[in-house]
Amino acid sequence: MRIAVIAPPYPLEEMPSPPLGVTYVAAAFEAAGAEVKIFDYIVSSYSREKLEKQLASFQPDAVGSTSVTMNFYEARQILYDVKQYNPEILTMMGGPHVSFTAEETLKKYPEIDLIVVGEGEDTIAELTPVIRRKNKWCDIPGMVYRNGNDIIHTGKRDFIADIDRLPSPARHLLPISRYRALGFPVSLITGRGCPYSCIFCLGRKMVGSRVRKRNPQLVLDEIETIIGYGFDRINIADDLFTTDKERVREICLGIKERSLKFLWSAFARVDTVSQEVFDLMASAGCDSVSFGVETGNPEMLKRIKKGIKLEQVYEAVKMCQQAGMIAHESFIIGLPGETKETLEETDAFAKSTKAIYGYHFLAPFPGTTVREKIQDYDLEILTDNWSRYDANDAIVQTSSLRPQEMNEFGARYDAEMKTDWDKILRRYHDGAGSLEDRMQVEGNWRMKLTYQILKNDVIEKCGLIESPLFDGSKEDALKELCRRVKASTNAESNVVENTICDFAGRNYLKADISDKGCRWFWSS
């Protein structure tokens with residue numbers, strides 16, 4: 001049994017981690033006895049031609065894709081292309097978006113055969129042995145599938161009580177060197193479940209209200225594995241990591257006892273932290289913590305059922321900074337009942353906390369309370385075009401605030417950030433910048449170049465250096481590669497040379513010299 005798992009395109013500008021959900025799914029299929037490959041189109045371009053070559057090489061029995069709302073159309077298109085190539089290949093989809101739109105998705109998109117709802121690991125374990133025996137599917141909870149003209153719901157599956165028994169994420173199936181080149185943190189979770197009821201969030205519905213914690217030793221084992229792949233930054237992605245002080249202590253002490261050298265960050269709720277917890281985290285290499293605050297208006301905090309108070313934000317930021325870590329806050333534009341006054345109140349509050357902060361726009365995803373009970377709120381959803389659900393644009397309005405006004409507020413924040421960035425650039429170009437300025441500017445240039453290299457498959461397209469151009473010298477072949485990358489991307493010569501030479505020096509890129517020439521390729 002061969003299964004291809006799709007990591008569908010996702011904007012690199014959104015700073016994606018190596019896809020955690022995809023690797024959990026791939027691991028579940030592997031544990032069930034399947035041969036698995038991940039077709040990753042996050043850090044490489046997607047085309048139908050590329051897909052068909054991969055399908056011809058691997059010859060999978062089934063292809064499954066995950067998706068969030070904003071990239072659902074891209075994931076669907078890939079499964080459509082799979083069916084065009086070979087209608088006999090079973091196509092599956094999972095993830096938060098289709099978990100809450102399963103029936104309408106199957107009715108609208110015949111190229112999708114089956115949807116796995118919610119937590120998928122146990123469903124996959126039961127499905128894999130009978131994946132070609134459709135008459136057995138009805139006995140497997142947690143699925144919705146098409147049977148002729150009928151849509152079959154197999155019933156809700158209970159959440160996995162013991163998550164320690166799950167196989168570790170199959171990161172070994174990812175194009176590791178590309179993700180290392182991209183340089184974003186690797187996400188891991190130390191538990192599943194959320195007891196809170198924020199109306200804009202899917203967390204509780206996707207993973208349940210009961211918090212299920214992983215054994216700290218398994219968390220440490222996973223950290224060790226990630227470091228072994230060559231990554232040096234990790235993000236703990238579950239909001240409730242900081243709630244259990246003794247567990248935080250065990251993990252942080254374990255990091256030091258195992259001499260694990262890496263930097264890390266974490267998400268946290270402001271009502272679940274303490275100075276002791278932050279000091280423990282900082283002592284084990286944590287350098288930043290992100291808090292979801294959402295609004296600076298107390299009444300709106302109650303309305304969205306956030307369950308925090310503004311005083312707790314001040315205290316959490318103060319404790320975080322006291323521990324020597326960076327505090328970051330996120331806020332949402334366009335919550336129910338939003339007005340010009342509440343936005344100004346939020347902005348004033350954000351500035352007053354002395355933390356780094358940012359905004360995104362409300363995206364009322366399928367399954368969220370704010371969408372399912374829209375009639376209860378001062379809010380109107382203006383589009384079901386899922387590609388616009390990227391939180392970068394206003395797609396709602398309230399009785400007091402139009403989308404244009406929300407966008408203008410967001411643009412004002414962006415302008416403030418651009419002003420700060422322009423000051424750094426001026427200092428850099430005038431030779432008056434600090435080391436930090438230089439690192440920021442040159443790091444930004446490198447990041448933009450890396451986006452182009454990955455998204456456009458630049459190494460694959462121009463990585464074969466013909467023999468007469470390098471005369472057996474690997475160094476000359478590297479120089480020619482740099483010249484070609486510059487021509488392909490229009491980036492500055494020094495940025496290209498520094499980036500490509502660094503990629504080669506770190507073995508992200510390797511060279512294979514033969515009578516055909518020198519072929520540069522991603523090492524994994």
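Data block above holds the structure.
Every chain is numbered on its own, with residues counted from 1 as its sequence reads. Totals for whole chains, interfaces and linings use every residue, but because this is a predicted model, local features are given only for residues with pLDDT of at least 70 and side-chain atom pairs only at 80 or more, for both listing and counting. Each side-chain value is worked out from all heavy atoms of the structure, with water and hydrogens disregarded.

(A) Representation of the packing of helix α2 (residues 48-58) against helix α3 (residues 72-85) within the structure. Note on geometry: axes are C-alpha line fits, over the in-contact stretch for helices, and angles between N-to-C directions span 0 to 180 degrees. Here a helix means four or more residues in a row that DSSP labels H or I, a strand means two or more in a row labelled E, and each is numbered from the N terminus. Between α2 and α3, whose axes approach to 10 Å, the crossing angle comes to 55°. Taken together, the axes of α2 and α3 lie oblique to each other. Considering only the axes of α2 and α3, their crossing is right-handed. The segment α2 lies against α3, with Arg-48, Leu-51, Glu-52, Leu-55 and Ala-56 engaging Ile-78, Asp-81, Val-82, Gln-84 and Tyr-85. Angular relationships are summarised with four words: roughly parallel below 35 degrees, roughly antiparallel beyond 145, roughly perpendicular across 65 to 115, and oblique for the angles in between. Handedness of a helix crossing follows the sense of rotation of the near helix relative to the far helix, less than a right angle counterclockwise being left-handed and clockwise being right-handed. Residue contacts are counted whenever heavy atoms from the two residues lie within 4.5 Å of one another.

(B) The arrangement of the pairing of strand β12 (residues 263-268) in detail. Where strand β11 (residues 233-236) lies against β12, four bridges are found, and the strand directions are parallel. When the bridges of β12 are listed, Arg-233 appears paired with Leu-263. Consider the strands pointing away from the viewer: the crossover is right-handed when the path from the first strand over the helix to the second runs clockwise. The handedness of the β11 to β12 crossover, carried by helix α10 (residues 245-257), is right-handed. Whether two strands pair depends on DSSP finding at least two bridges between them. Pairing of β12 with strand β13 (residues 286-294), which is carried by five bridges, proceeds in the parallel orientation. Paired with Ala-268 across the two strands is Phe-291, which belongs to β13. Since β12 and β13 lie parallel, the crossover through helix α11 (residues 275-283) that links them has a hand, and here it is right-handed.

(C) Structural view of the pattern of salt bridges. In the sections that follow, a salt bridge refers to a side-chain nitrogen of Lys or Arg positioned within 4 Å of a carboxyl oxygen of Asp or Glu. Going through the model one piece at a time under the given rule, you end up with 43 salt bridges. Residue Arg-212 is joined to Glu-119 by a salt bridge in which the shortest nitrogen-to-oxygen separation is 2.9 Å. With Arg-212 in strand β10 (residues 212-213) and Glu-119 in the loop between β5 (114-116) and α6 (121-127), this pair connects stretches of sequence that are 93 residues apart. Each member of the pair, Arg-212 as well as Glu-119, is classed as buried. Accessibility here uses a 1.4 Å probe with only protein chains present; expressed as a share of the type maximum, an area under 20% marks a residue as buried, one over 50% as exposed, and anything in between as partly exposed.

(D) Highlighting the environment of Ala-284. Relative to the helices and strands, Ala-284 resides in the loop between α11 and β13. It is 5.3 Å that separates the C-alpha atoms of Ala-284 and Cys-252, two residues lying 32 residues apart in sequence. Discounting residues that sit within four places of it in the chain, Ala-284 has contacts with Cys-252, Ile-255, Lys-256 and Trp-264.

(E) Quick look at the environment of Pro-216. Along the chain, Pro-216 falls in helix α9 (residues 216-228). Along the backbone, Pro-216 and Cys-252 are 36 residues apart, and their C-alpha atoms lie at a distance of 9.5 Å. Every residue in contact with Pro-216, bar those within four places of it in the chain, is listed here: Arg-247, Glu-250 and Ile-251.

(F) Summary view of the side chain of Arg-76. Tracing the sequence through the fold places Arg-76 in helix α3. Taking the relative accessible area as the measure of exposure, Arg-76 reaches 15% and is therefore buried. Any pair of nitrogen or oxygen atoms within 3.5 Å is treated as a polar contact; in protein, a donor-acceptor pairing is required on top of that, and neighbouring residues in sequence qualify only through side-chain atoms on both sides. At a separation of 2.3 Å, a polar atom in the side chain of Arg-76 contacts the side chain of Glu-111. With near-sequence residues (within four places) excluded, Arg-76 lies in contact with Met-93, Tyr-109, Glu-111 and Ile-112.

(G) View of α3. A rise of 1.5 Å per residue sets the reference length of α3, with its 14 residues, at 20 Å; its end C-alpha atoms lie 20 Å apart and thus fit the reference within 8%. Looking at the buried side of α3, the elements it contacts are β1 (2-7), α2, β3 (62-66), β4 (90-94), α4 (96-99) and α5 (102-108). Take the number of residues in a helix, subtract one, and multiply by 1.5 Å to get its expected span.

(H) Spatial organisation of unusual backbone geometry. In this structure, Glu-294 is a non-glycine residue whose phi angle is positive, near 80°. By relative accessible area, Glu-294 is classed as buried at 5%. Despite not being glycine, Ala-391 shows a phi value in the positive range, around 65°. Note that Ala-391 resides in the loop between β16 (380-381) and β17 (396-397).

(I) Fine view of the environment of Leu-449. With respect to the helices, strands and loops of the structure, Leu-449 is situated in helix α17 (residues 435-455). Between the C-alpha atoms of Leu-449 and Leu-263, which are 186 residues apart in sequence, the distance is 24 Å. Excluding anything up to four places from it in sequence, Leu-449 contacts Val-485, Thr-489, Ala-491, Val-495, Val-496 and Thr-499.

(J) How the structure looks around the layout of surface pockets. Grid points spaced at 1 Å over the protein atoms alone were grouped into cavities, where a 1.4 Å probe fits but cannot get out, and pockets, open sets with protein on both sides within 12 Å along at least five of seven lines, with lining residues defined by an atom within 4 Å of a point. Grid points are joined across faces, edges and corners, and a volume is the space filled by probe spheres set on the points. Approximately 670 Å³ is the volume found for the second largest pocket. Around the second largest pocket, the lining comprises 25 residues; the ones closest to its centre are Ser-44, Lys-50, Gln-54, Arg-178 and Glu-460. At the level of elements, β2 (35-40), α2, α18 (458-462) and β20 (517-522) are the ones that each hand at least two residues to the lining of the second largest pocket. Ranked by the residues each element gives to the lining of the second largest pocket, the list is headed by α2, at six residues. Ten residues, namely Ala, Val, Leu, Ile, Met, Phe, Trp, Tyr, Cys and Pro, are considered nonpolar, four, namely Asp, Glu, Lys and Arg, are considered charged, and the remaining ones, Gly among them, are considered polar. For the lining of the second largest pocket, a count of residues per class yields 10 nonpolar, six polar and nine charged.

(K) Molecular detail of the sheet that holds strand β7 (residues 150-153). The mixed open sheet is built from seven strands, whose spatial order is β2-β1-β3-β4-β5-β6-β7. Of all strands in the sheet, those bounded by a partner on one side alone are β2 and β7. Taken over all neighbouring pairs, the strand axes of this sheet differ in orientation by 20° on average, direction set aside. Looking at chain direction, β1 and β2 are connected through six bridges and run parallel.

(L) The pairing of β1, seen in detail. Here β1 lies mainly inside the structure; five of its six residues are buried. Considered for its hand, the β-α-β crossover made up of β1, helix α1 (residues 20-31) and β2 is right-handed. The pairing of β1 with β3 spans four bridges and is classified as parallel. Across the sheet, Ile-6 pairs through a bridge with Ser-65, a residue of β3.

(M) How the structure looks around the packing of aromatic side chains. Classification of ring pairs uses Phe, Tyr and Trp, with its six-membered ring standing for Trp, and accepts pairs whose centres are within 6.5 Å; under 30 degrees between planes counts as stacked, over 60 as edge-to-face, and the remaining range as tilted. Enumeration over the complete set of coordinates arrives at 21 aromatic pairs. Aromatic side chains Phe-241 and Trp-264 sit 6.0 Å apart centroid to centroid with 85° between the ring planes, which places their arrangement in the edge-to-face category. Taken together, the positions of Phe-241 in the loop between β11 and α10 and Trp-264 in strand β12 put the pair 23 residues apart, joining distant regions of the chain. Trp-264 carries the same exposure label as Phe-241, and that label is buried. With a centroid separation of 5.9 Å and 90° between ring planes, the pair formed by Tyr-357 and Tyr-359 is classed as edge-to-face. What makes Tyr-357 buried here is its relative accessible area of 11%. Tyr-359 sits in the buried class, given a relative accessible area of 15%. Aromatic ring contacts, followed pair by pair, group Tyr-314, Phe-331, Phe-349, Tyr-357, Tyr-359, Phe-409 and Tyr-413 into a single cluster. Counting as a charge over the ring demands two things of the Lys NZ or Arg CZ atom: a distance within 6 Å of the ring centre and an angle within 35 degrees of the ring normal. Over the ring of Tyr-24 we find Arg-192, and its NZ or CZ is 5.0 Å from the ring centre. Sitting over the face of the ring of Tyr-196, Arg-269 holds its NZ or CZ atom 3.4 Å from the ring centroid.

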